[in-house]
Amino acid sequence: MKQTVKKGKIHPEFEPGTVWLTGAGPGDPGLLTLHALHALQHADIIVYDALVSEDVLAFARDGVTLEYAGKRGGRPSAKQTDISLRLVELAREGKRVLRLKGGDPFVFGRGGEEALVLTEAGIPFRVIPGITSGLAALTMAGIPATTRTTNHAVILATGHPADADHPADWAALARSGQPLVLYMARRNLAQIANTLMANGLGAETPVAVMVEATTPRARIIETHLAEAASDMTAADIDTPAIIAIGSIVSLRAQLAPQLQTNWPATESEI
Ligand SMILES: C[S@@+](CC[C@H](N)C(=O)[O-])C[C@H]1O[C@@H](n2cnc3c(N)ncnc32)[C@H](O)[C@@H]1O
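Keep in mind it's a predicted model, so treat the numbers as computed, not measured.

Basis of the calculations
Residues numbered from 1 in each chain as written. Predicted model: local features only at pLDDT ≥ 70, side-chain atom pairs only at ≥ 80, totals over all residues. Heavy atoms only, no water. Near = heavy atom within 4 Å. Polar contact = N/O pair within 3.5 Å; in protein donor to acceptor, adjacent residues only side chain to side chain. Nonpolar A, V, L, I, M, F, W, Y, C, P; charged D, E, K, R; others polar. Domains from an automatic or database assignment. Core = buried A, V, L, I, M, F, W, Y, C linked by side-chain atoms within 4.5 Å. Buried < 20%, exposed > 50% of the residue type's maximum accessible area, 1.4 Å probe, protein only. Helix = DSSP H or I, 4+ residues; strand = E, 2+ residues; numbered from the N terminus. Contact = heavy atoms within 4.5 Å. Pairing = 2+ DSSP bridges. Axes fitted to C-alpha atoms, helices over the stretch in contact; angles between N-to-C directions. Phe/Tyr/Trp six-rings, centres within 6.5 Å; stacked < 30°, edge-to-face > 60°.

**Things to note about the site of the ligand**
Then, number 1: Among the 18 residues in the neighbourhood of the ligand, the closest are listed as Val-107, Thr-132, Ser-133, Ala-213 and Ala-241.
Then, number 2: The separation between a nitrogen atom of the ligand and a polar main-chain atom of Ala-213 is 2.8 Å.
Then, number 3: At 2.7 Å, a backbone N or O of Ala-241 approaches an oxygen atom of the ligand.
Then, number 4: For the shell around the ligand, a count of residues per class yields 11 nonpolar, five polar and two charged.
Then, number 5: Looking at the shell around the ligand, you find at least three residues from each of domain 1 (18–128) and domain 2 (133–269).

**Here's the deal with the nonpolar core**
Then, number 1: If you look at the biggest cluster of nonpolar residues, it comprises 25 residues, and the most contacted ones within it are Leu-182, Leu-196, Val-209, Ile-243 and Ile-245.
Then, number 2: Contributing elements (two or more residues each) for this core: β6 (155–158), α6 (170–176), β7 (180–183), α7 (189–198), β8 (206–211), α8 (228–234) and β10 (241–245).
Then, number 3: If one sorts the elements of this core by residue count, α7 sits on top with four residues.
Then, number 4: Not counting chain neighbours up to four residues away, the residues in contact with Leu-182 comprise Ala-157, Trp-170, Ile-192, Ala-241, Ile-242, Ile-243 and Ile-245.

**What about the side chain of Thr-223?**
Then, number 1: Tracing the backbone shows Thr-223 in strand β9 (residues 219–224).
Then, number 2: Among the polar contacts made by the side chain of Thr-223, one reaches the side chain of Asp-231 at a distance of 2.7 Å.
Then, number 3: Non-local contacts of Thr-223, meaning those with residues more than four positions away in its chain, are made with Thr-205, Pro-206, Val-207, Ala-228 and Asp-231.

**Some words on the sheet that holds β9**
Then, number 1: Spatially, the five strands line up as an open sheet ordered β6-β7-β10-β8-β9, and their pairing is mixed. Of all strands in the sheet, those bounded by a partner on one side alone are β6 and β9. Strand-to-strand twist of the sheet, defined as the mean angle between neighbouring strand axes without regard to direction, takes the value 20°.
Then, number 2: Sheet analysis places β8 next to β10, joined by five bridges and oriented antiparallel. Bridge assignment links Val-207 to a residue of β10, and that residue is Ile-245.
Then, number 3: Against the sheet, helix α5 (residues 133–140) contacts β6, β7, β8 and β10, and its axis sits at roughly 120° relative to β7.

**Let's talk about the packing of aromatic side chains**
Aromatic rings considered in pairs are described by the distance between their centres and by the relative angle of their planes.
Then, number 1: Inspection of every chain in the model, using the stated rule, returns three aromatic pairs.
Then, number 2: With a centroid separation of 4.3 Å and 15° between ring planes, the pair formed by Phe-14 and Trp-20 is classed as stacked.
Then, number 3: Plain terms: the ring middles of Tyr-48 and Tyr-68 are 5.5 Å apart, the flat faces sit at 65° to each other, and that makes the pair edge-to-face. Of this pair, Tyr-48 sits in strand β2 (residues 45–48) while Tyr-68 sits in strand β3 (residues 65–68), and the two are 20 residues apart along the sequence.
Then, number 4: Here Tyr-68 falls in the partly exposed class, since its relative accessible area comes to 23%.

Structure representation (C-alpha cells):
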C-alpha cells in the first residue's frame, strides 16, 4: 500500500538572538543537510571556519555578513575563546547567528566548547549535524566503514591531541584490531605508524590517505603502514587529509571497476 508522507514544515524557526552551530559537511555542497541550507539562507551573519568550502558559502543569502574565524591558511588565527565570545556578542545584538563548521560541529570541531560558552551565557542555540569528513572520505573513496566480515567497530581518532600530557593510547588502538580513521594526523603519521607497528599492526596493513575529500581537489594515496609517512611526504600533501588504516581499505580495489566517483582511482592517475 502506498504510504502518504505529509510534507510539513521541516525547518525550525531561526529566531533572532540565537546561534545555530551547524555542520557544513566535508566540502561538496551536495552533502549539505537541508537544515544547513535553510540556515545559510536565513542567517543574519555567518561565522565560518577555514574548512568550510567556498562552494558551500556560495549558497548563503545575498547580503548576509560573512565573518571568517578560521585557524589556517596564513590568515591571523582567531583564538577559540574569542570566537565563542563573539558568538555570544552577536546573539546579544539580536542576530540570527550561523556558526558554520566543517564536517560535523561535534566531531573534533570544538563545537562542544562553543556550546558550553553559549550555555553559560544563557544564549539559546541549536546544533545541526553535518557529515563528518572521516566517514564521507571513506564512503566516497569506495571504502565501506564496516562490513560484517572485516570489522565490528570503526575508530575515529585525532592524530593531534589537544593536550600533550594525555596523548592517545595508540598501543590500545592497535590491539583493538579495528580500522582507524585518523583526523589531523598528517604531521604525526610517521610516529603514529611506528607505534601501531610496535604494537602488533603489520607493516603491510593497507592505508588510504584521502586529501580534500569530496572537493574538486580531492586526491587519494593508497599505501601500506610502513611506507605511509614517506609516501605522503613524497606526494607533498599540505591540505586536510583523512588517513584510514586497516583491511577495509582493500575493499576499494574490489569496488573500483564499477564505482562511479569523481575521485581519481589511484595517485598515479592524478
Ligand atoms: C579540526 S578537524 C575538523 C573535523 C570536522 N569537524 C569533521 O567532522 O569533519 C580538521 C580535520 O578534519 C579533516 N578534514 C576535514 N575536512 C576534510 C576533507 N574534506 N578531506 C579530508 N580531511 C578533512 C582533516 O583531518 C582535518 O585536519
